[in-house]
Amino acid sequence: MCALRGERDGKRGTSVASIDLDKVLDKAWADKSVPEVLAAPVSALKGVSDRQGDLLKEAFGIKTVADLAELKYVGWAQALAALDAAK
């Protein structure tokens, strides 16, 4: 199992994400570095097919995992879900 873990740095006030890469990446990408995964097509994510990647590209111009992470609609949806969870 490959995992990235992090904690809040009290001195700088920054936080680092924690994720089990084996659970979110296709097997072919599980041993790659984070910069390599971010530059990868979205089909590197477990459960995302090449066809779905093509549809994301067509609909939103998404070519890479980084593009998907930066999609404003994803951020908006996450913010709405966080607001709902906080109630």
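This write-up is about the structure you can find in this document. Throughout, residues of each chain are indexed from 1 in the direction in which the sequence is written. With pLDDT at 70 or above as the cut-off, local features in this predicted model cover only qualifying residues; side-chain atom pairs require 80 or more to be listed or tallied, and sums for whole chains, interfaces and linings still use all residues. Each side-chain value is derived from all of the structure's non-hydrogen atoms; neither hydrogens nor water enter the calculation.

### A word on a nonpolar patch on the surface
Together, Phe 60, Tyr 73 and Trp 76 make up an exposed nonpolar region whose accessible area comes to about 350 Å². Tracing the backbone shows Tyr 73 in helix α5 (residues 72-85). Residues with no salt bridge and a relative accessible area higher than 30% make up the patches, which join like charges within 9 Å and nonpolar side chains (Val, Leu, Ile, Met, Phe, Trp, Tyr) within 5 Å. Calculation of accessible area relied on Shrake-Rupley with a 1.4 Å probe; when residues are assessed, cover is drawn exclusively from the protein chains displayed. The rule for a salt bridge is simple: a side-chain nitrogen of Lys or Arg has to be within 4 Å of a carboxyl oxygen of Asp or Glu. The helix and strand labels rest on DSSP assignments: H or I over at least four residues marks a helix, E over at least two residues marks a strand, and numbering proceeds from the N terminus.

### Details of the layout of surface pockets
In this model, the largest pocket occupies a volume close to 280 Å³. Definitions used throughout: a 1 Å grid over protein atoms alone; a cavity as a set of points that fits a 1.4 Å probe which cannot get out; a pocket as an open set with protein on both sides within 12 Å along at least five of seven lines; a lining residue as one with an atom within 4 Å of a point. Together, 14 residues line the largest pocket, and Ile 19, Leu 21, Val 24, Val 37 and Leu 38 are the ones closest to its centre. When contributions to the lining of the largest pocket are tallied by element, the ones reaching two or more residues are α1 (21-24), α2 (34-39) and α4 (65-70). Residue contributions to the lining of the largest pocket peak at three residues, all from α2. Of the residues in the lining of the largest pocket, the class split is 12 nonpolar, one polar and one charged. Grid points are joined across faces, edges and corners, and a volume is the space filled by probe spheres set on the points. Think of it as three bins: nonpolar holds Ala, Val, Leu, Ile, Met, Phe, Trp, Tyr, Cys and Pro, charged holds Asp, Glu, Lys and Arg, and polar takes everything else, Gly as well.

### Quick look at the environment of Lys 87
For Lys 87, the location among the structural elements is in the segment after α5. Burial classes: relative accessible area under 20% of the type maximum marks a residue as buried, over 50% as exposed, and values in between as partly exposed (1.4 Å probe, protein chains only). With a relative accessible area of 79%, Lys 87 lands in the exposed category. Any pair of N or O atoms that falls within 3.5 Å is considered a polar contact. Within protein, one atom must be able to donate a hydrogen and the other to accept it, and sequence-neighbouring residues count only if both atoms are side-chain atoms. Side-chain polar atoms of Lys 87 contact the side chain of Asp 84, separated by 2.9 Å.

### Remarks on the nonpolar core
Counting five residues, the largest nonpolar core is built from Leu 21, Leu 25, Val 37, Leu 45 and Val 65. Filtering out sequence-adjacent residues up to four positions away, Val 65 remains in contact with Val 37, Leu 38, Ala 40, Pro 41, Val 42 and Leu 45. For the purposes of this section, nonpolar cores are sets of buried Ala, Val, Leu, Ile, Met, Phe, Trp, Tyr and Cys residues that join through side-chain atoms within 4.5 Å. By the convention used here, residues are in contact when the closest approach between their heavy atoms is within 4.5 Å.

### Concerning the packing of aromatic side chains
Here is the rule: rings of Phe, Tyr and Trp (six-membered ring for Trp) pair when centre to centre is within 6.5 Å. Planes less than 30 degrees apart are stacked, more than 60 are edge-to-face, and the remainder are tilted. Counted by the stated rule, this structure contains two aromatic pairs. Taking the centre distance of 5.8 Å and the plane angle of 50 degrees together, the rings of Phe 60 and Tyr 73 count as tilted. Separated by 13 residues along the polypeptide, Phe 60 in helix α3 (residues 50-60) and Tyr 73 in helix α5 bring together distant segments of the chain. Judged by relative accessible area, Phe 60 falls into the partly exposed class, the value being 44%. An angle of 90 degrees between the planes, with centres 5.2 Å apart, marks the rings of Tyr 73 and Trp 76 as edge-to-face. Of this pair, Tyr 73 and Trp 76 both sit in helix α5, separated by three residues, roughly a single helical turn. Note on Tyr 73: relative accessible area 39%, which makes it partly exposed. Grouped by ring-pair contacts, the aromatic residues Phe 60, Tyr 73 and Trp 76 constitute a single cluster.

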